[in-house]
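Listed here are the chains, written in short residue letters.
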Amino acid sequence: MTHPRLSAARLPAWLAADLPRADVGIVHIGLGAFHRAHQAVLTQEAMLVEPGPWGICAVARRNGRLVDALVEQDHLFTVTERGAADDRLRVVGSVREALLAVEQPDRLATVLSEPGTRVVTLTVTESGYRHDPATGRLRADDPDVAADLAGGPPCTPVGQLVGGLRRRRDRGHPGLTVVSCDNLPDNGRLVGRLVREFCARRGEHDLVEWVDEHVRFPSSVVDQIVPATTDADLARVAEALGLEDRAAVVGEPHRRWVVEDDFTAGRPAWDAVGVELVADIGPHQAAKLRLVNGTHSALAHLGLLAGCTTTADALACPAIAHFAERLLSTETGPSLRRFGLEPDEREVGALLTRLANPRIAHRLDQIAADAPRKLPQRLLDPAVDLLVAGVEPRLICLAVAGFLHQQDFPVLALPLPLRESRVFRALVADAVRRIDQDGVVATLHRIGRS
Ligand SMILES: NC(=O)c1ccc[n+]([C@@H]2O[C@H](COP(=O)([O-])OP(=O)(O)OC[C@H]3O[C@@H](n4cnc5c(N)ncnc54)[C@H](O)[C@@H]3O)[C@@H](O)[C@H]2O)c1
Ligand SMILES: O=P(O)(O)OC[C@@H](O)[C@@H](O)[C@H](O)[C@H](O)CO
């Protein structure tokens, strides 16, 4: 059955009542599933508590279908919070404009430069920053970075940011705050460094000075599982709403955002809706990346070898579930002692329940994609900390072996302490051999019993 499209005019009154339709104050670069389920919802909630000009201009890179869908729907879309037992559907109206970065570079630079724009948020994936994780510097040999540095219409997020900041400075408008929400350690400092490096490589040292004085780059940690939307999700939303929503997203009910409290030009009342504003992001970031994302990556690399498709499938396998519980309680959890954090049994249980939600189809191949950029902060840094504390990271090495098993050649750039660690290399080699010989499930069984 076909349904009419979601739009402001068609929205049932009970849903329309809760929609703030504010002027743009935030530009979000990276209009993917996550932004719609997370920051767009929290910003809407914040504006309901404290009204203000915090509407969002959401910027996609190439996904014209998504931008068209939003424009056709008056920028409205639904978010389904899918718990283990039921769904909660809501309509989101905090997005006020949607742009395609590569086709509308001038409009993007203008929105970034407008005085009303006071915050820029980013979710452009780990590879979107185009940096070398080992040095934290821009990959100037990346063709897109090179084209941006040469002054073409910017196609990388850093090039886009610099274009907007330059125009802002030239127009004499005040500074703003850039908040990275990607799963990267020190994400704020990383973007700040890349923006300055980009300007310096172009010889724009005066712009570096302006950025130093007028732009803040707080780091942030986000946590909510939001898989890519499927056709089945879209059909379910259409049935529930009686309207077709081509920009719908589905995520788990858990939603967390921790941000360094360093804003130069104001922000929505996010703190009134549960966003944690903190002075030191370090422990929050390490805990999230190691516990949530570390477990995800381990499940992905071992679960795919075991023939599983989603995190829920993987955790339905007793050997993998036992492995995940031990990974958290004996390795990634204890690795956080360096940050003054102690493993907590209840937290481990709650996390595994989240990841096992059978109604959230989080595909392991989506999590496993781009692994060389994810594994360092998720599993390799904890391995370093365990080795320093005299503990063998045997389970982490199994997950790394699972990753190497799917590769034709070792593509992983190991941190120096692991490259030099004979223990680490021997543990990984042994894990690869065991998986080869016995298969992944039997290997996990054996390790589980030892
Ligand atoms: N999905 C989740 O569960 C989740 C949870 C926590 C954090 N995150 C973070 O958010 C990121 C994105 O996740 P997602 O689910 O939205 O992925 P997604 O693939 O749905 O969206 C990523 C978006 O970033 C865009 N992008 C990349 N480079 C860009 C550029 N130069 N200019 C504009 N847009 C650009 C892509 O085109 C895409 O629209 C993740 O990589 C992660 O760092 C995601
Ligand atoms: O989104 P990525 O590709 O950085 O990582 C995949 C998942 O581990 C990640 O999206 C988690 O679901 C998320 O970080 C949970 O908060």
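Identification of the protein chain as Fructuronate reductase from Saccharothrix carnea is taken from an unreviewed UniProt entry. The heading Catalytic activity (unreviewed entry) in the UniProt record of the protein chain holds the text "D-mannitol 1-phosphate + NAD(+) = beta-D-fructose 6-phosphate + NADH + H(+)".

Explanation requested: the pairing of strand β3 (residues 77-82) in the structure shown.
In summary, the side chains of a regular strand alternate between the two faces of the sheet. Of all the 6 residues making up β3, 5 are buried; the element is thus mostly covered by neighbouring parts of the structure. Where β3 hands over to strand β4 (residues 87-92), the hairpin turn is made up of 4 residues, counted between the paired strands. In terms of strand pairing, β3 meets strand β12 (residues 249-251) through 3 bridges, oriented parallel. For Thr80, the partnering residue across the bridge sits in β12 and is Val250.

What is the right way to read helix α8 (residues 187-201) from this model?
Every α-helix winds through 3.6 residues per turn, so residues three or four apart in the chain are directed the same way. Between its first and last C-alpha, α8 extends 21 Å over 15 residues, near the 21 Å set by a 1.5 Å rise per residue. Those residues of α8 not exposed but buried are Asn187, Gly188, Leu190, Val191, Gly192, Leu194, Val195, Arg196, Phe198 and Cys199. One or two residues past the end of α8 sits Gly203, with phi positive at roughly 75 degrees.

Would you mind going over the sheet that holds strand β14 (residues 276-278) with me for this structure?
Hydrogen bonding along the main chain pairs the strands of a sheet, whether they run parallel or antiparallel. Strand order in the open sheet formed by 3 strands is β11-β13-β14, and the pairing between neighbours is mixed. The outermost strands of the open sheet, each flanked by one partner alone, are β11 (220-223) and β14. Pairwise comparison of adjacent strand axes, ignoring direction, gives a mean angle of 15 degrees for this sheet. Alignment of β11 against strand β13 (residues 256-260), held across 4 bridges, turns out to be antiparallel. Across the sheet, Ser220 pairs through a bridge with Val259, a residue of β13. The strands that helix α11 (residues 282-305) touches are β11, β13 and β14; relative to β11, the one it contacts most, it runs at about 35 degrees.

Looking at this structure, I do not really get the UniProt feature "domain: Mannitol dehydrogenase C-terminal" (unreviewed entry) in the protein chain. What am I missing?
The feature "domain: Mannitol dehydrogenase C-terminal" (unreviewed entry), as annotated in UniProt, sits at residues 280-405 in this numbering. The distance from the first to the last C-alpha atom of residues 280-405 is 37 Å, and the span holds 72% helix and 0% strand.

Sorry if this is basic, but what is going on with unusual backbone geometry here?
Within the chain, Asp186 stands out as a residue other than glycine whose phi angle is a positive 50 degrees. For Asp186, the location among the structural elements is in the loop between β9 (176-180) and α8. For Asp186, a count of 17 C-beta atoms within 10 Å corresponds to the partly exposed category. Unlike most non-glycine residues, Asp370 shows phi in positive territory, near 60 degrees.

Conventions and cut-offs
Counting from 1, residues in each chain are numbered in the order their sequence is written. Chains carry letters from A onward and ligands carry numbers from 1 onward, assigned in written order. Restriction of local features to residues with pLDDT of at least 70 applies here, the model being predicted, together with a cutoff of 80 or more for giving and counting side-chain atom pairs; totals for whole chains, interfaces and linings are based on all residues. UniProt positions are given in the numbering used here, feature names are shortened, and annotations may be inferred rather than shown by experiment. Residues with at least 20 other C-beta atoms within 10 Å of their own are called buried, those with 12 or fewer are called exposed, and the rest are partly exposed. The C-beta atoms themselves are positioned from the backbone. Counting from the N terminus, the helices are the DSSP runs of H or I reaching at least four residues and the strands are the DSSP runs of E reaching at least two. Following DSSP output, two strands are said to pair if at least two bridges run between them. Residue count minus one, scaled by 1.5 Å, sets the expected span of a helix. Angular values range over 0 to 180 degrees, each being the angle between N-to-C directions of two axes fitted as lines to C-alpha atoms, with helices fitted over their stretch in contact. In this description, any two residues whose backbone-derived C-beta atoms lie within 7 Å of each other are considered to be in contact.

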